[in-house]
Each structure stands twice: as structure tokens, then as C-alpha cells.
Amino acid sequence: QVQLVESGGGLAQPGGSLRLSCAASGFTFSSYAMSWARQAPGKGLEWVSGISRGGSDTYYADSVKGRFTISRDNAKNTVYLRINSLKPEDTAVYYCNVGVRGMNYWGKGTLVTVSS
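All of these numbers come straight from a predicted model, not from anything done at the bench.

1. A word on the sheet that holds strand β7 (residues 68-73)
- As summarised here, the arrangement of the four strands in space is β1-β3-β8-β7, forming an open sheet in which the pairing is antiparallel. Each end of this open sheet is capped by a strand with a single partner; those strands are β1 (3-7) and β7. Each strand of the sheet is rotated relative to its neighbour by a mean of 15°, with strand direction disregarded.
- In terms of strand pairing, β1 meets strand β3 (residues 18-25) through five bridges, oriented antiparallel. The partner of Leu 4 across the bridge, within β3, is Ala 24.

2. Thoughts on unusual backbone geometry
- Although it is not a glycine, Asn 77 adopts a positive phi angle of roughly 50°.
- By secondary structure assignment, the location of Asn 77 is in the loop between β7 and β8 (78-83).
- With relative accessibility at 27%, the residue Asn 77 sits in the partly exposed group.

3. Observations concerning the packing of aromatic side chains
- Summed over all chains, the structure comprises four aromatic pairs.
- Between Phe 27 and Phe 29 the ring centres are 6.2 Å apart and the planes differ by 50°, which places this aromatic pair in the tilted class.
- On the basis of relative accessible area, Phe 29 is assigned to the buried category, the value being 2%.
- Ring geometry for Tyr 95 against Trp 106: centres 6.5 Å apart, planes inclined by 85°, an arrangement best described as edge-to-face. Of this pair, Tyr 95 sits in strand β9 (residues 92-100) while Trp 106 sits in strand β10 (residues 103-106), and the two are 11 residues apart along the sequence.
- A relative accessible area of 18% means that Tyr 95 is categorised as buried.
- For Trp 106, a relative accessible area of 41% gives the class partly exposed.
- One aromatic cluster is present, built from ring pairs that chain together Phe 27, Phe 29 and Tyr 32.

Cut-offs applied
- One numbering rule holds for all chains: residues counted from 1, following each sequence as written.
- Local features are withheld for residues below a pLDDT of 70 in this predicted model, meaning they are given only at 70 or higher, and side-chain atom pairs are given and counted only at 80 or more; totals for whole chains, interfaces and linings count all residues.
- Note: side-chain values were computed over all heavy atoms of the structure, leaving out hydrogens and water.
- Strands pair, by our definition, only if DSSP identifies at least two bridges between them.
- Helix and strand definitions follow DSSP, with helices as H or I runs of at least four residues and strands as E runs of at least two, each counted in order from the N terminus.
- An axis is simply a line fitted to the C-alpha atoms; with a helix, the fit covers only the stretch in contact. Between two such axes, the angle follows the N-to-C directions and lies from 0 to 180 degrees.
- Exposure categories follow from relative accessible area, calculated using a 1.4 Å probe and restricted to protein chains: below 20% of the type maximum is buried, above 50% is exposed, and the middle band is partly exposed.
- Note on ring pairs: Phe, Tyr and Trp rings are taken, using the six-membered ring of Trp, and paired if centres are within 6.5 Å. Classes follow the plane angle, with under 30 degrees stacked, over 60 edge-to-face and the rest tilted.

If you want it as C-alpha cells, here you go:
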């Protein structure tokens, strides 16, 4: 079965940095594009970033451009999200996502809290 496990969240100060990780299993990781989405408290799900299967193409929501960097290590079946210059509005549960033959799979998420 497809499994996605996020990690790396926690409490950070405004202006700080975090690196989130998503460990994938149950499918041929290198054959699929990956993405990250987030859900702030009381808000809907917001797509934030995507990366092509080889890692050459990356995409970002306007709200995070210039601060977030998505990357992947296909040898480790892992996708990363580096968050710089954290803002309070980045506070959210961050989820890893993959579409495999028409089905969307999600991890359980990792919580990022930005507060002074």
C-alpha cells in the first residue's frame, strides 16, 4: 500500500527555518511527481509546492515563492520542503501528496507552529 510519512515540523520563531521530510513507500517513487499542501487552523487545504519525478521542475504557490524550496532524493524515496523566513501565517499542518494512477494519497501531516 502507498504510504507517506511526514516529519520535521515543530515550533519555530518568525524568521527562522525548518526542513520538512516525507518518506514514501509502496510505489515506484522516482516515477511520480510529488507535492506539499498545508492546512492552517480553521482553514481549507492549500497547495503550496510540487516537484516533477526527476526533480528538475518545481512549482510554488505565490504565497511561498522565494521562501520555500522543494527537493527530492529518489535514492531515499524522500521529498523535502525547506521553509525559510518563517511567518506566523505559515502555521499549519503540512501534508505530503502523490497521485498514483488516478488515486490521491496523503500522509498524516506534520504540524508547523510559528510563534515568538
